[in-house]
Amino acid sequence: MPKQISATRRSSVLGLLTAASLALALSGCASYDVTTPADARADAATSDTKAQDAKAGAGDGAVDCSKAKCVALTFDAGPSENTNRLLDILKENKAHATFFMLGKNHIAERPAEVKRIDAEGHELANHTWSHKILTEIKPDEAKRELSRVQEDVRKITGKTPTLMRPPQGRTDEEVSKISKELGLAQVLWSVTAKDYQTTDSDLITKRVLDQTKRDGIILLHDIYKGTVPAVPGILKELKKRGYTVVTVSQLLSPAKPEPGMVYRP
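Residues numbered from 1 in each chain as written. Predicted model: local features only at pLDDT ≥ 70, side-chain atom pairs only at ≥ 80, totals over all residues. Heavy atoms only, no water.

(A) Up close: the state of the cysteines. Counted under the stated rule, the structure contains 1 disulfide. Cys65 shares a disulfide with Cys70; S-S distance 2.2 Å. The S-S bond linking Cys65 to Cys70 shows a torsion near -85 degrees; that makes this disulfide left-handed. (Disulfide = S-S within 2.5 Å.)

(B) Structural view of helix α6 (residues 139–157). Taking 1.5 Å of rise per residue, 19 residues should cover 27 Å, and α6 covers 27 Å from first to last C-alpha, within 8% of that figure. Looking at α6, one finds that the buried residues are Ala142, Glu145, Leu146, Ser147, Val149, Gln150, Val153 and Thr157. Against β6 (98–101), α4 (103–107), α5 (111–119), β7 (123–126), β8 (163–164) and α7 (173–181) lie the buried residues of α6. Of the residues trailing α6, Gly158 is marked for its positive phi of about 80 degrees. (Helix = DSSP H or I, 4+ residues; strand = E, 2+ residues; numbered from the N terminus. Expected span 1.5 Å × (residues − 1). Buried < 20%, exposed > 50% of the residue type's maximum accessible area, 1.4 Å probe, protein only. Contact = heavy atoms within 4.5 Å.)

(C) Here's a closer look at the nonpolar core. In this structure, Leu73, Leu90, Phe99 and Leu220 are the most contacted members of the largest nonpolar core, which totals 33 residues. Each residue touching Phe99, except ones within four places of it in the same chain, is listed here: Phe75, Thr83, Leu86, Leu87, Leu90, Ile117, His122, Glu123, Leu124, Ala125 and Asp222. (Core = buried A, V, L, I, M, F, W, Y, C linked by side-chain atoms within 4.5 Å.)

(D) Fine view of the side chain of His122. Positionally, His122 belongs in the loop between α5 and β7. Contacts of His122, omitting those with residues within four sequence positions, involve Leu87, Leu90, Ala95, His96, Ala97, Phe99 and Ile117.

(E) Looking closely at helix α3 (residues 83–92). Taken as a whole, α3 has its buried residues at Thr83, Leu86, Leu87, Ile89 and Leu90. Projection of α3 onto a plane perpendicular to its axis shows the buried side chains occupying an angular sector of 160 degrees, all on one side. Facing away from the buried side of α3 by over 90 degrees, the exposed positions are Lys91 and Glu92. Residues of α3 that are buried sit in contact with β5 (70–76), β6, α5 and α9 (231–240). Directly after α3, the chain includes Lys94, whose backbone phi takes a positive value near 55 degrees. (Arc of directions from axis to C-beta.)

Have a look at this one:
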């Protein structure tokens, strides 16, 4: 039986989603489904078919984000020469994150880091092979951009990602269709430090903390010099403010990521 999602919690959204503001702009008749982490959890919790999956879906630590004050920590565009230090920091702080990884020059060059990300309980996710804007290329090419990462991660870890983040957050009806075919849910964000603009770790920390709210999704990049040094301070202050740092799938649980769906706080 197909999953039923309440009309008040799931909507058909028109247009493209810009990287800077995540604003939805009208664009022709393209449409795709979008929901928030909180609404996804609520729909799953009221579904009888989800009752037995609630604990299993919570992932390591069995966090219940309907009760805990959760925020998902995500890193894009790695792995890189900074990733091992980042993993050390996450281990020291007993925190887990979701890694939206690039294929070319990253997964392909750093399989050891991919294995370590998986071995230490973090979430493996897809950020395309070469960071091409999926809405600006032909469907067959967009599918290759995603499927190559799926194949390489599976070869390295034995696991296939179920989450993807479209470059610059740009998606549309066709990208959603391709994502659904490949078993990938789309994950956007609510917090960005714009760490591609600065190497100032204190500024990155401030930007994250100023924007973070419950059920948010934090976007950082482990490829930039100022980002990883900011992570200890971010984690310390989030804990002080009562947040539980989780992976995206933990944030959604007991819902399971739905292929093709766009998740954004």
